[in-house]
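Below are the chains, spelled out letter by letter.
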Amino acid sequence: MNVLIVLAHPEPKSMNGALAQLARETLAGAGHTVAFSDLHAMDFDPRSTRANFTTAFDVDFFKPQAEERHASQNSAFHPQLDAEMAKLEACDLMIWQFPLWWFGLPAILKGWVDRVFASGRIYGGERIFEGGIKRGKRAMLSLTTGGSAAAYAPGGAMGDLMAMLQPIHRGMLEFIGFDVLAPNFVHGPARLSALARHAALDVWRVRLLAIADETPIDIGTN
């Protein structure tokens with residue numbers, strides 16, 4: 001199985017860094033091929049600009065989707081973006097590892113989506129949802145939260161975490177064809193004891209070893 005892990009945390013020694021590295025080592029050790037994109041280590045620019053492209057469709061008016069379609073037809077993406085798109089295209093499983101910031105993705109990961117999910121190459125026309133290029137492949141979110149599990153439960157102080165993830169699950173992952181696996185959550189890692197942190201990593205390791213046999217979840221469309 002080809003796996004793509006995308007890490008979006010600025011500190012390698014963080015819980016997110018530990019979860020991402022554990023996934024990389026565990027999956028590779030199980031015989032899978034693992035591509036790893038550490039966005040901060042790559043100094044990945046989240047802004048979608050003309051720097052995405054090596055040529056231009058319209059030099060007078062910048063419309064990203066039009067430029068993406070032109071670049072898709074003319075092999076004209078910046079080499080870094082082309083490499084990330086190739087990783088995305090090749091993967092059977094994609095895992096995003098990130099901290100939940102302001103009830104959503106960190107800017108660097110949202111920018112990766114903005115730039116890598118390119119019209120004409122990754123999606124377009126009938127190639128969305130059930131017709132998407134990643135149909136039959138799977139994706140999952142692995143994330144940390146600042147608050148407790150109770151705070152992110154339905155009726156909790158922060159609200160239903162699964163509802164917060166719906167725009168990502170449906171509007172990004174399913175949009176390009178992925179089936180979605182249940183997320184991996186580590187709540188409040190900054191307040192966990194060393195023993196609890198190790199326990200969370202052990203749970204993740206065990207799950208990863210059986211990930212190829214997991215059944216996707218039904219996230220609905222609302």
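The coordinates are above.
A. Main features of the overall build of the protein. A count of helical and extended segments in the protein gives 6 helices and 6 strands. The N-to-C order of helical and strand elements in the protein reads β-α-β-α-α-β-α-β-α-β-β-α. The C-alpha atoms of the protein give 18 Å as radius of gyration, which agrees with the globular expectation for 222 residues (17 Å, within 12%). Out of the 222 residues in the protein, the part that is buried amounts to 45%. Taking the intrachain contacts of the protein between residues at least 6 apart in sequence as the baseline, contacts between residues at least 24 apart amount to 76%. Accessible area of the protein: about 10,600 Å², with a carbon and sulfur share of 56%.

B. Representation of the packing of helix H3 (residues 79–90) against helix H4 (residues 107–116) within the structure. For the pair H3 and H4, the least separation of the axes is 10 Å and the interaxial angle reads 90 degrees. Here H3 lies roughly perpendicular to H4, going by the angle between them. Residues Gln80, Leu81, Glu84, Met85 and Leu88 of H3 lie in contact with H4, whose contacting residues are Trp112, Arg115 and Val116.

C. Quick look at the environment of His198. Mapped onto the elements, His198 comes out in helix H6 (residues 194–209). For the pair His198 and His187, spaced 11 residues apart in the sequence, the C-alpha separation amounts to 13 Å.

D. The arrangement of the packing of helix H1 (residues 15–29) against H6 in detail. At a minimum axis distance of 10 Å, the contact between H1 and H6 shows a crossing angle of 35 degrees. Between H1 and H6 lies a crossing of right-handed hand. Residues Met15, Ala18, Leu19, Leu22, Ala23, Thr26 and Leu27 of H1 form the contact with H6, whose participating residues are Arg197, Ala200, Leu201, Trp204, Arg205, Leu208 and Leu209. Within the contact of H1 with H6, the residues separate by chemical class into 11 nonpolar, 1 polar and 2 charged.

E. Seen up close, the nonpolar core. Counting 42 residues, the largest nonpolar core has Leu88, Met94, Trp96, Phe98, Leu109, Trp112 and Phe117 as its most contacted members. The dominant element in this core, judged by the number of residues it contributes, is helix H5 (residues 161–173), at 6 residues. The residues contacting Phe117, other than those within four sequence positions of it, are Glu68, Leu88, Met94, Trp96, Trp112, Ile122, Tyr123, Met172 and Ile176. Counting 20 residues, the second largest nonpolar core, distinct from the first, contains Val3, Leu7, Leu27 and Leu181.

F. Broad picture of the packing of aromatic side chains. As enumerated under the stated definition, the model contains 7 aromatic pairs in all. Both rings, one in Phe53 and one in Phe77, keep their centres 5.9 Å apart while their planes meet at 45 degrees; by these two values the pair is tilted. Placement of the pair is Phe53 in the loop between strand E2 (33–38) and helix H2 (64–74) and Phe77 in the loop between H2 and H3, with a sequence separation of 24 residues. Among the residues examined, Phe77 registers a relative accessible area of 6% and is labelled buried. When the ring of Trp96 is compared with that of Trp112, the centres are 6.1 Å apart and the planes differ by 85 degrees; the resulting orientation is edge-to-face. With a gap of 16 residues between them, Trp96 in strand E3 (residues 93–99) and Trp112 in helix H4 connect regions that are remote in the sequence. Here Trp96 matches Trp112 in class, with each residue buried. Among the aromatic residues, those joined into a ring-pair cluster are Phe53, Phe62 and Phe77.

Calculation notes
- Residues numbered from 1 in each chain as written.
- Predicted model: local features only at pLDDT ≥ 70, side-chain atom pairs only at ≥ 80, totals over all residues.
- Heavy atoms only, no water.
- Helix = DSSP H or I, 4+ residues; strand = E, 2+ residues; numbered from the N terminus.
- Rg over C-alpha atoms; globule rule 2.2 N^0.38 Å.
- Buried < 20%, exposed > 50% of the residue type's maximum accessible area, 1.4 Å probe, protein only.
- Contact = heavy atoms within 4.5 Å.
- Areas by Shrake-Rupley, 256 points an atom, 1.4 Å probe, with all protein chains shown as cover.
- Axes fitted to C-alpha atoms, helices over the stretch in contact; angles between N-to-C directions.
- Parallel < 35°, antiparallel > 145°, perpendicular 65-115°, else oblique.
- Left-handed = near helix turned anticlockwise from the far one by under 90°.
- Nonpolar A, V, L, I, M, F, W, Y, C, P; charged D, E, K, R; others polar.
- Core = buried A, V, L, I, M, F, W, Y, C linked by side-chain atoms within 4.5 Å.
- Phe/Tyr/Trp six-rings, centres within 6.5 Å; stacked < 30°, edge-to-face > 60°.

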